[in-house]
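A look at the structure
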Amino acid sequence: MFDSLVRRAQLESQALFECAQYQEERTTMMVAYAKKVLELGAHGHVRQKGGLSSFHIPDKPITHPDWETRYGPLKPGDYRCRLQREERLALEEHARQSGCSLIVKPSLTYSKYGESARKARLTELLAFLESMPDHFVRVAVSERMPTSGNITMVGNWFLAESVSAAIGGGYQQTIFTRHAPSILAKLEMFDRELEELLKTQPGGAANSKKFVLKSIASMIKNI
């Protein structure tokens, strides 16, 4: 009986998915999914691919000047800023307990927001990485990564995959699922991609944090 139940649960056609059409819906659902795991007394390793990750979002109150600098001339409003901060804090709580693996693209220019905004975002990510123990973070740079998608996984608790994005509009059409077999397939694919990137990255996997810190610091210096 149990074998039959497990086999049926592994069928992707049986998986349940939720779709967040717009940025605010995505962030609200991301926070809800992440907090639900925390409410169970559990944590999960954070895997994220896309842009500068959620850890370039300021963790400071939305009245802090960093939020104004982050968006330059574009003002998203307090509501979006509050939601984004909650996303950063919820995912960070998982990462602090279970570590994180990131695939990022620091060369993004954020030209619509201005040079100061780019510097602020890189500085925020740099501070987060510096604050994480070396053995708790693996990070790779991918210049081939498209800017239109994003994937976030917390352990095998949930998966969120965005299929489109627009500067100033954020990630759209984000698919969420708690279906463990579906998450496992994506998780294994993510880890293979990360390992391949780390093989070609100076310093390899053992020095991934050190290499990325140096790269980001150099970019900040040249802005």
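The written sequence of each chain sets the order in which its residues are numbered from 1. Given that this is a predicted model, residues contribute local features only at a pLDDT of at least 70 and side-chain atom pairs are listed and counted only at 80 or more, while totals for whole chains, interfaces and linings are drawn from all residues. Values reported for side chains reflect all heavy atoms of the structure, with hydrogen atoms and water molecules removed beforehand.

What follows deals with the overall build of the protein chain. In terms of regular secondary structure, the protein chain is built from 7 helices and 7 strands. The N-to-C order of helical and strand elements in the protein chain reads α-β-α-β-α-α-β-α-β-β-β-β-α-α. Relative to its 223 residues, the protein chain shows a buried fraction of 44%. The contact definition used throughout considers only heavy atoms, calling two residues in contact when any of these lie within 4.5 Å. A separation threshold of at least 6 residues defines the contact pool for the protein chain, and within that pool the share at least 24 residues apart is 78%. In short, Shrake-Rupley with a 1.4 Å probe defines the accessible areas, and a residue's cover is counted only from the protein chains shown. For the protein chain, the computed accessible surface area is about 11,400 Å², with 55% contributed by carbon and sulfur atoms. Secondary structure elements are taken from DSSP: a helix is a run of H or I of four residues or more, a strand is a run of E of two residues or more, and numbering for both begins at the N terminus. Burial classes follow relative accessibility: with a 1.4 Å probe on protein chains only, a residue under 20% of its type's maximum area counts as buried, one over 50% as exposed, and anything between as partly exposed.

Attention now goes to the environment of Ile 223. In this structure, Ile 223 sits in the segment after helix 7 (208-222). Residue Ile 223 is classed as partly exposed on the basis of its relative accessible area of 27%. Distance in space between the C-alpha atoms of Ile 223 and Ser 116 is 8.0 Å, their sequence separation being 107 residues. Setting aside chain neighbours within four positions, we find Ile 223 in contact with Glu 115, Arg 118, Lys 119 and Leu 122.

As a further point, take the packing of helix 4 (residues 78-98) against helix 5 (residues 115-131). A pair of packed helices can be characterised by two numbers: the angle between their axes and the separation between those axes. Here helix 4 crosses helix 5 at 25°, and the two axes come no closer than 12 Å. Judged on the interaxial angle alone, helix 5 and helix 4 are roughly parallel. Crossing hand, helix 4 versus helix 5: right-handed. Here helix 4 contributes Arg 88, Glu 92, Ala 95 and Arg 96 to the contact with helix 5, which in turn contributes Glu 124, Phe 128 and Ser 131. When residue character is reported, Ala, Val, Leu, Ile, Met, Phe, Trp, Tyr, Cys and Pro are called nonpolar, Asp, Glu, Lys and Arg charged, and the others, Gly included, polar. Of the residues that constitute the contact of helix 4 with helix 5, the class distribution is 2 nonpolar, 1 polar and 4 charged. Every angle, taken between N-to-C directions, lies between 0 and 180 degrees, and every axis is a line fitted to C-alpha atoms, over only the stretch in contact when it is a helix. Oblique is the label for any angle not covered by the other classes, which are roughly parallel (under 35 degrees), roughly antiparallel (over 145) and roughly perpendicular (65 to 115). Left-handed describes a crossing in which the near helix is turned anticlockwise from the far one by less than a right angle; the clockwise case is right-handed.

With that settled, consider helix 5. Take the residue count of a helix, subtract one, and multiply by 1.5 Å to get its expected span. Here helix 5 contains 17 residues, and its C-alpha end-to-end distance of 24 Å stays within 8% of the 24 Å for a straight helix at 1.5 Å per residue. Along helix 5, the residues classified as buried are Ala 117, Arg 118, Arg 121, Leu 122, Glu 124, Leu 125, Leu 126, Phe 128 and Leu 129. Against the buried residues of helix 5 lie helix 3 (65-71), helix 4, strand 3 (100-104), strand 4 (137-141) and helix 7.

Which parts of space are left empty comes out when a probe the size of a water molecule is rolled across the atoms. By volume, the second largest pocket amounts to about 220 Å³. Method remark: on a 1 Å grid restricted to protein atoms, a set of points is classed as a cavity if a 1.4 Å probe fits but cannot get out and as a pocket if it is open with protein on both sides within 12 Å along at least five of seven lines; lining residues have an atom within 4 Å of a point. Taken together, 12 residues line the second largest pocket, and the ones lying closest to its centre are Lys 49, Asn 150, Ile 151, Glu 161 and Glu 193. Only strand 5 (150-154), strand 6 (158-166) and helix 6 (180-200) provide two or more residues apiece to the lining of the second largest pocket. Ranked by residue count, the leading element in the lining of the second largest pocket is helix 6, at 4 residues. Of the residues assigned to the lining of the second largest pocket, the class counts are 5 nonpolar, 3 polar and 4 charged. Grid points are joined across faces, edges and corners, and a volume is the space filled by probe spheres set on the points.

Looking now at the packing of aromatic side chains. For any pair of aromatic rings, geometry is given as the distance between the ring centres together with the angle between the planes. Each Phe, Tyr or Trp ring (for Trp, its six-membered ring) is paired with any other whose centre lies within 6.5 Å, and the angle between the two planes then decides the class: stacked below 30 degrees, edge-to-face above 60, tilted in between. Applying the stated criterion to the full structure yields 5 aromatic pairs. Site record: aromatic cluster; members linked through ring pairs are Tyr 33, Phe 158 and Phe 176.

Another aspect to go through is the packing of helix 2 (residues 23-39) against helix 4. Where helix 2 contacts helix 4, the two axes come as close as 9 Å, and the packing angle between them is 30°. Between helix 2 and helix 4, the crossing angle belongs to the class labelled roughly parallel. Judged by the sense of rotation from one axis to the other, the crossing of helix 2 with helix 4 is left-handed. Contact residues: helix 2 offers Gln 23, Glu 24, Arg 26, Thr 27, Thr 28, Met 30, Val 31, Ala 34, Lys 35, Val 37 and Leu 38, while helix 4 offers Tyr 79, Arg 80, Leu 83, Gln 84, Glu 86, Glu 87, Ala 90, Leu 91, Glu 93 and His 94. Broken down by class, the residue content of the contact of helix 2 with helix 4 amounts to 9 nonpolar, 5 polar and 7 charged.

With that settled, consider the environment of Ala 90. Looking at the element boundaries, Ala 90 is found in helix 4. Residue Ala 90 is classed as buried on the basis of its relative accessible area of 4%. Residues Ala 90 and Lys 35, 55 residues apart in the sequence, show an inter-C-alpha distance of 6.4 Å. Once residues within four sequence positions are removed from consideration, Ala 90 is found in contact with Ala 34, Lys 35 and Leu 38.

Joining through side-chain atoms within 4.5 Å is the link that ties buried Ala, Val, Leu, Ile, Met, Phe, Trp, Tyr and Cys residues into a set, and such a set is a nonpolar core. Ranked by internal contacts, the top residues of the largest apolar core, which has 40 residues, are Phe 55, Cys 100, Leu 129 and Ile 216. Counting residues per element, the ones that place at least two in this core are helix 2, helix 3, helix 4, strand 3, helix 5, strand 4, strand 6 and helix 7. Among the elements that take part in this core, helix 5 stands out by supplying 6 residues, more than any other. Each residue touching Leu 129, except ones within four places of it in the same chain, is listed here: Leu 102, Val 137, Lys 209, Val 212, Leu 213 and Ile 216. With 12 residues, the next largest nonpolar core counts Ala 140, Met 153, Ile 183 and Phe 190 among its residues.

These figures capture arrangement, not role.
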